[in-house]
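Examining the three-dimensional arrangement
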Amino acid sequence: MSEPIKHHLTDQLLMSYAAGTLPEAFSLVVATHVSLCDECRARLAEFEALGGAVLEDEAAVELSSGALDATLKLISQKAKDPIKTEKVSRGIFPKPLQDYVGGDVEAVRWKRLGNGVKQAILPTSRDASVRLLYIPAGSEMPDHGHNGTELTMVLQGAYLDEDGRFARGDVEVANEEMEHTPVADIGEDCICLAATDAPLKFNSLIPRVAQKFLRI
Amino acid sequence: MLTSASTRNQKRAPLGKVSYDVVSVLTTKSDSPARKATDVNVQDRAAKGAWVAELAAIRDRQDKAAFAALFEHFAPRVKAFLMKSGANAALAEETTQEVMATLWTKAHMFDPGRASVATWIFTIARNRSIDAIRKQRRPEPEDLAWGPEAEPDQEESMALQQESKKLAQALSELPEKQRTLIERAYYGDLSHSEIAAETGLPLGTIKSRIRLALDRLRHAMK
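Residues numbered from 1 in each chain as written. Chains lettered and ligands numbered in written order. Predicted model: local features only at pLDDT ≥ 70, side-chain atom pairs only at ≥ 80, totals over all residues.

**A closer look at helix α7 (residues 117–132) of chain B**
Helix length check: α7(B) (16 residues) gives 22 Å between terminal C-alpha atoms against 22 Å at 1.5 Å per residue, within 8%. Within α7(B) the residues assigned to the buried category are B:Val117, B:Ala118, B:Thr119, B:Trp120, B:Ile121, B:Phe122, B:Ala125, B:Arg126, B:Arg128, B:Ser129 and B:Ile130. Those residues of α7(B) that are buried are in contact with α1 (11–19) and α3 (38–57) of chain A together with α4 (52–61), α5 (64–84), α6 (89–105) and α8 (154–172) of chain B. (Helix = DSSP H or I, 4+ residues; strand = E, 2+ residues; numbered from the N terminus. Expected span 1.5 Å × (residues − 1). Buried ≥ 20, exposed ≤ 12 C-beta atoms within 10 Å, placed from the backbone. Contact = placed C-beta atoms within 7 Å.)

**So, the sheet that holds strand β2 (residues 117–122) of chain A**
All names here are of chain A. Read across the sheet, 6 strands follow the order β1-β2-β3-β11-β5-β8 without closing on themselves; strand pairing throughout is antiparallel. With partners counted over all chains shown, the strands left at the sheet margins are β1 (111–114) and β8 (171–174), one partner each. Ignoring strand direction, the axes of neighbouring strands in this sheet form an average angle of 25°. (Pairing = 2+ DSSP bridges. Axes fitted to C-alpha atoms, helices over the stretch in contact; angles between N-to-C directions.)

**Examining unusual backbone geometry**
All names here are of chain B. Despite not being glycine, tryptophan 51 shows a phi value in the positive range, around 70°. Counting through the fold element by element, tryptophan 51 comes out in the loop between α3 (33–46) and α4. One non-glycine residue with positive phi stands out, namely glutamine 62, at about 50°. Position of glutamine 62 relative to the elements: it lies in the loop between α4 and α5. Its 13 C-beta neighbours within 10 Å are what place glutamine 62 among the partly exposed residues.

**Observations regarding the interface of chain B and chain A**
Across the boundary between the two partners, chain B contributes 57 residues, which contact 52 residues of chain A. Elements represented by at least two residues in the side of chain B that touches chain A include exactly α1 (4–8), α5, α6, α7, α8 and α9 (176–187) of chain B. Counting residues per element, the side of chain B that touches chain A draws most heavily on α5(B), which supplies 10 residues. Of the residues in the side of chain B that touches chain A, the class split is 28 nonpolar, 16 polar and 13 charged. (Nonpolar A, V, L, I, M, F, W, Y, C, P; charged D, E, K, R; others polar.)

Below, the structure is given as structure tokens:
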């Protein structure tokens, strides 16, 4: 079931995630992909190293006179942080995604969109949105273009579109210019995690009015 | 790749992930308190100014002088970073103190084979800033399933500290315009399009300048 990951995150996304400037919804896709992808994990470490260099390069700003004492006092009130012994997820969803769903795939509260397609919007800050999509094997995703940036990551099954084949772990980064028609691979129902900073423009299936209501 | 050491060290557990007792049972090397004391000296000599020894002194001896030295160097930089990231002076000061206190309470989790001290502090400051200033959650990748080689390796950690220094040097030697763009991307006070509006540069130019800066940094790290 595990083919090597072929479609990775862009430098810009990894850098923004390392900087901590991405909307929460995008951060969730990045963290989920990095959980499965050693290559992007290594690249992320590089961008964090660059963050360290930026911090080191910073011109010092004066602190209040009692800052060190105040900090030592703060420390005296704090316990040593326990070492986390989190287990790596054995389910379909990596750990960061399970945190948002409240469990693995069986915990998802799907809402039907028609033709067997289902979605579940996950709670994040409102500067962008993220949802799980369930597309039956061989089915076509509604044809849509984009207003902003959209990240789609495959968790189960695979889909094909104008840019190639996307399987578990693969991420597709789509922007305004892109119109694509993803079709779920025939082998298995496809589950994707999709984040966007703008409402999707569906050209068919779901009327424009419903978009606002469904928050897609 | 900017730092090959960070790639090589991917499968390394943070210090303290496995307790020293367990490590000394699992490995043939002695990990007695005596060895820990010499570690500090070795690291001090090898990575002078990289603050690894000070952090180890906090971890091992709750050393307040070592903390004061780290505080003096990093707290004013963390505060500057937070202010440029959009916090006012009061919030930046308060958050800086929390960041520096976290440094103490998490000292046992720092792994010199995975990150430089500056990088580690940067990630703590970033996470506090997302939480306290942007009021958002931060989804983090799950940790790797650490293999049996969980003991921090002196040589690898020295290599990583050296490469971090090289990276800082390379950043400071970038042409002014490129360095500024990289820094602003990290402050996050401006999006790429906002940088474009402010500098009058078209968005494509911004992206290609950042890419160019990254290429230069990668080249400098070869």
